[in-house]
Amino acid sequence: MSRGSPFGDRVLTFSRIRRPEIGSVVLSALVAAYLLLATNNSFWNRAASYFDSSKASLLLFGAALYLALFAILIPMSIKYLMKPALIFFILVSASASYFGDAFGIIVDRDMIGNAVVTTPAEASHFLTGSLAQHLVIYALLPSLLVAWVKVRHRRFLLKFVVNLLFFTVALFAAGGLIYSNFATFAYVLREHTDLMKRFNPTGPLVAAARYGLSTYRERNLVVQPLGTDARQGGRIAQAGKPVVVVIVAGETARAMNFSLDGYDRETNPELKALGVVNYSNATSCGTATAVSLPCMFSVYPRDEYSDWKARSTENLVHVLTHAGVSVSWWDNNTGSKGIADLISFASMTKQKGSPLCSRGECLDEIFLGELDRKLGATTGNSVIVLHQLGSHGPSYYRRYPEAFRRFTPDCRTAELMRCTTAEIVNAYDNTILYTDHVLASVAKLLEKHQDRLAGAMIYMSDHGESLGENGIYLHGAPYAIAPKEQTRVPFIAWFSKPYQTAMGVDTDCLAKEKDQPRSHDNLFHTVLGMMDVQTKTYNRALDAFAACTRPDAQKPASGFHAVDSQPVVGTASGVL
Ligand SMILES: [Zn+2]
């Protein structure tokens, strides 16, 4: 005979079990121990290696942290506040510990920023069975237990006195332990600023508070104009045809997996055949899109850069606009992070009917059709920014079509821990192979239209990626401790013959500079140089191509006029 609910019997049995009673101080002590021991795996792994030579110091440090955590929980042990507060701490700790344990990610201020600006499609890659399993074990079950037990609270006045006593004693004891070995603790924390950021739940909570504060400050932000004196110079004026520079802002591509940068797998066959200029020693400004991208387009070099400065000052696209250059930003990623506000912006990810798009994401070839049309119709000097999806993880296998699935077996899931390192690297290398194709295709389109345009392309990735080296995956590590896998980025340029002639770029000269250190600091000034923009804001020393660009390029010796006299062939009308 059927009952009302398949769980009817069990619910009945469960309700018959007497709810255990527990004192509020004891519950705080137990939850503090749970947070410290069960949700801090990656913290303890790091701490063990940082305190390498002294196990006693590590134990003392752990005891001090326990007492401090207990002291934080004690003031929450008020009826009606206690259980929600404890469950909140458990949820925060358990969620952050998943990303720490599975990917070696630190949930710091920038990572909170990344999470806030991410798209549903990007976030959905993390909603996996492993995450669900982790949350059930480390968040749901302990939370249910906390919700279920009966908490004994003392009468208000007595409770206040007892809690104050526990709070004070715990805090003083924690302070005493720290003081007893202060030199060691101070040294370790100063040398390893990542350690406390990894500690749950305080690391992510402090990060969220810092992110909230900076966002609040931005409400009063007034953007200062930059480069309002910008004018187009003589070379571009006499170029004889529109000059078009395509900036490809790459995503998550690390230099060490580019064969152009010495990788032993051929991941750049098309760019190699094209004969591009490649810098093998380029570094990123940050380790996450939300930091690197604004920094790349900002006038500030990395050592002077801050998020606040970038947001309160106009950037490269505005200076180009002041000079009368038409600037468009096409985005196949999570947006321009405020860079392209006030200029022509088009998101590529909404092209639902395209075979290149599925589940809210598109392959990077989505740019090519529109680019072909745009180049066919361009009549003025222009810069087009293509913000790629590139190699963004963890779903590398969704960044390339079947034709580029050349390195196999490739990891076919977002749950990287289910794949071998070789499978992860294979999938990642396929994304680089595909980016190689997309970049070469952009160059070939500029070449296709070179009878009526002088085109060039510049490509830099925003940051690299960890593929399991030292147990670290993905990106976003604090810069000071970021591995080179996350900070060494590809930097590639290609110049059409008409561009080389009109703008006087000597690619043989550039090829000789390929091992010179370059970085995101160069992008701002290099693009101004590429468009011959004259402004006080331009710093020639940071223009990567300046030393190999002839100022007298427009002289007849260049010979491009012969090409220019060819009939104009437009491909199609219609621009974004
Ligand atoms: Zn990125």
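Residues numbered from 1 in each chain as written. Predicted model: local features only at pLDDT ≥ 70, side-chain atom pairs only at ≥ 80, totals over all residues. Heavy atoms only, no water.

**Quick look at the confidence of the model for the protein chain**
Detailed reading of the predicted coordinates is not advisable wherever pLDDT is low.
Then, number 1: Taken over all residues, the pLDDT of the protein chain has a mean of 89, while the share at 70 or more is 93%.
Then, number 2: For residues 1-8, every residue scores under 50 in pLDDT, and the model assigns this stretch one contact once sequence neighbours within four places are set aside.
Then, number 3: For residues 553-576, every residue scores under 50 in pLDDT, and the model assigns this stretch 46 contacts once sequence neighbours within four places are set aside. (pLDDT = per-residue confidence, 0-100. Contact = heavy atoms within 4.5 Å.)

**Describing the packing of helix 4 (residues 55-73) against helix 9 (residues 156-180)**
Then, number 1: With their axes 8 Å apart at the nearest point, helix 4 and helix 9 run at an angle of 155° to one another. Between helix 4 and helix 9, the angle is such that the two are roughly antiparallel. When the axes of helix 4 and helix 9 are compared, the crossing they make is left-handed. Together, Leu60, Phe61, Ala63, Ala64, Leu67, Ala68, Phe70 and Ala71 of helix 4 and Phe166, Phe167, Ala170, Leu171, Ala173, Ala174, Leu177, Ile178 and Ser180 of helix 9 make up the contact between the two elements. (Axes fitted to C-alpha atoms, helices over the stretch in contact; angles between N-to-C directions. Helix = DSSP H or I, 4+ residues; strand = E, 2+ residues; numbered from the N terminus. Parallel < 35°, antiparallel > 145°, perpendicular 65-115°, else oblique. Left-handed = near helix turned anticlockwise from the far one by under 90°.)

**What about the pairing of strand 7 (residues 326-331)?**
Then, number 1: The element strand 7 is largely enclosed, with a buried count of five among its six residues.
Then, number 2: Direction of pairing for strand 7 relative to strand 11 (residues 382-387): parallel, over a ladder of six bridges. Note that in strand 11 the partner of Ser328 across the bridge is Ile384.
Then, number 3: Across four bridges, strand 7 lies against strand 8 (residues 344-347) in parallel orientation. When the sheet's bridge partners are listed, Trp330 is paired in strand 8 with Ala346. (Buried < 20%, exposed > 50% of the residue type's maximum accessible area, 1.4 Å probe, protein only. Pairing = 2+ DSSP bridges.)

**Some points on the sheet that holds strand 8**
Then, number 1: Strand order in the open sheet formed by seven strands is 5-15-12-4-11-7-8, with mixed pairing between adjacent strands. Both edges of this open sheet fall to strand 5 (277-279) and strand 8, since each of them pairs with a single strand only. Averaged over all neighbouring strand pairs, the angle between strand axes comes to 15°, with direction disregarded.
Then, number 2: Direction of pairing for strand 5 relative to strand 15 (residues 491-495): antiparallel, over a ladder of three bridges. When the bridges of strand 15 are listed, Tyr279 appears paired with Phe491.

**Concerning the pairing of strand 15**
Then, number 1: The buried fraction of strand 15 is high, at five of five residues.
Then, number 2: Judged by which residues are buried, strand 15 turns out to be covered on both faces: Phe491, Ala493 and Phe495 on one side and Ile492 and Trp494 on the other are all buried.
Then, number 3: With five bridges connecting them, strand 12 (residues 454-461) and strand 15 associate as antiparallel partners. Paired with Ile458 across the bridge in strand 15 is Ala493.

**Focus: the packing of helix 6 (residues 109-117) against helix 11 (residues 202-218)**
Then, number 1: Across the interface, helix 6 lies against helix 11 with an axial gap of 8 Å and an inter-helix angle of 70°. Classified by the angle their axes make, helix 6 and helix 11 are roughly perpendicular. The way helix 6 lies across helix 11 gives a crossing that is right-handed. Residue-level inspection shows Arg109, Ile112, Gly113 and Val116 of helix 6 in contact with helix 11, the latter providing Pro204, Ala207, Ala208, Arg210, Tyr211 and Ser214.
Then, number 2: Its residues placed into classes, the contact of helix 6 with helix 11 shows six nonpolar, two polar and two charged. (Nonpolar A, V, L, I, M, F, W, Y, C, P; charged D, E, K, R; others polar.)

**Thoughts on the nonpolar core**
Then, number 1: Counting residues in hydrophobic clusters, the biggest one holds 59 residues, and the most contacted among them are Phe103, Val246, Leu371 and Leu386.
Then, number 2: The leading source of residues in this core is helix 18 (residues 421-448), at 14 residues.
Then, number 3: In this view, Leu386 contacts Val246, Ile247, Val248, Ala249, Trp330, Phe367, Leu371 and Val442; residues no more than four positions away in its chain are not counted.
Then, number 4: Membership of the second largest hydrophobic core comes to 51 residues, among which are Ala239, Val243, Phe297 and Met460. (Core = buried A, V, L, I, M, F, W, Y, C linked by side-chain atoms within 4.5 Å.)

**A short note on the packing of aromatic side chains**
Then, number 1: Scanning the entire structure with this criterion turns up 21 aromatic pairs.
Then, number 2: Measuring from centroid to centroid gives 5.2 Å for Tyr98 and Phe99, while their planes differ by 80°, and the two rings are edge-to-face.
Then, number 3: Arranged with centres 6.4 Å apart and planes meeting at 20°, the rings of Phe258 and Tyr459 form a pair that is stacked. Of the two residues, Phe258 is situated in the loop between strand 4 (243-250) and helix 13 (269-274) and Tyr459 in strand 12; the sequence distance between them amounts to 201 residues. With respect to burial, Phe258 and Tyr459 carry one shared label: buried.
Then, number 4: An aromatic cluster of three or more residues is present, and its members are Tyr279, Phe491, Phe495, Tyr499 and Phe545.
Then, number 5: Its guanidinium or amino end placed over the ring of Tyr428, Arg254 lies 5.8 Å from that ring's centre, counting from NZ or CZ. (Phe/Tyr/Trp six-rings, centres within 6.5 Å; stacked < 30°, edge-to-face > 60°. Lys NZ or Arg CZ within 6 Å of the ring centre and 35° of its normal.)

**What about the environment of Pro294?**
Then, number 1: Its location among the elements puts Pro294 in helix 14 (residues 289-297).
Then, number 2: Overall, the relative accessible area of 9% leaves Pro294 in the buried class.
Then, number 3: With 90 residues separating them along the chain, Pro294 and Ile384 place their C-alpha atoms 16 Å apart.
Then, number 4: For Pro294, the residues in contact, after removing those within four places along its chain, are Thr289, Tyr305, Ala310, Lys337 and Ile339.

**A short note on helix 2 (residues 24-38)**
Then, number 1: The end-to-end C-alpha distance of helix 2, which contains 15 residues, comes to 21 Å, matching closely the 21 Å that a straight helix rising 1.5 Å per residue would cover.
Then, number 2: When we look at burial in helix 2, the residues that qualify are Ser24, Val25, Leu27, Ser28, Val31, Ala32, Leu35 and Leu36. Projected onto a plane normal to the axis of helix 2, the buried residues spread over an arc of 165° and lie on a single side. What points out from helix 2, more than 90 degrees from its buried face, is the exposed set Leu30 and Leu37. (Expected span 1.5 Å × (residues − 1). Arc of directions from axis to C-beta.)

**Some details on the state of the cysteines**
Cysteine pairs can be covalently joined through their sulfur atoms, and such a bond is termed a disulfide.
Then, number 1: What the rule picks out here adds up to four disulfides.
Then, number 2: Through a disulfide, Cys285 is tied to Cys295; the S-S separation comes to 2.0 Å. The disulfide joining Cys285 to Cys295 has a torsion of about 80° about its S-S bond and is therefore right-handed. Of this pair, Cys285 sits in the loop between strand 6 (282-283) and helix 14 while Cys295 sits in helix 14, and the two are 10 residues apart along the sequence.
Then, number 3: What makes Cys285 buried here is its relative accessible area of 5%.
Then, number 4: Since its relative accessible area comes to 1%, Cys295 is described here as buried.
Then, number 5: Each bonded cysteine of the protein chain is numbered by sequence order, and under that numbering the disulfide pairs are 1-2, 3-4, 5-6, 7-8. (Disulfide = S-S within 2.5 Å.)

**Digging into the pattern of salt bridges**
Think of it this way: side chains of opposite charge can pair up when their charged atoms draw near.
Then, number 1: For the structure on display, the rule yields 20 salt bridges.
Then, number 2: The salt bridge partner of Glu21 is Arg152, with a shortest N-O separation of 3.4 Å. With Glu21 in strand 1 (residues 21-23) and Arg152 in strand 2 (residues 150-152), the pair connects residues that are 131 residues apart, well separated along the chain.
Then, number 3: When its relative accessible area of 47% is taken as the criterion, Arg152 is described as partly exposed.
Then, number 4: Residue Arg518 is joined to Glu513 by a salt bridge in which the shortest nitrogen-to-oxygen separation is 3.1 Å. For the pair shown, Arg518 and Glu513 are each scored as buried. (Salt bridge = Lys/Arg side-chain N within 4 Å of Asp/Glu carboxyl O.)

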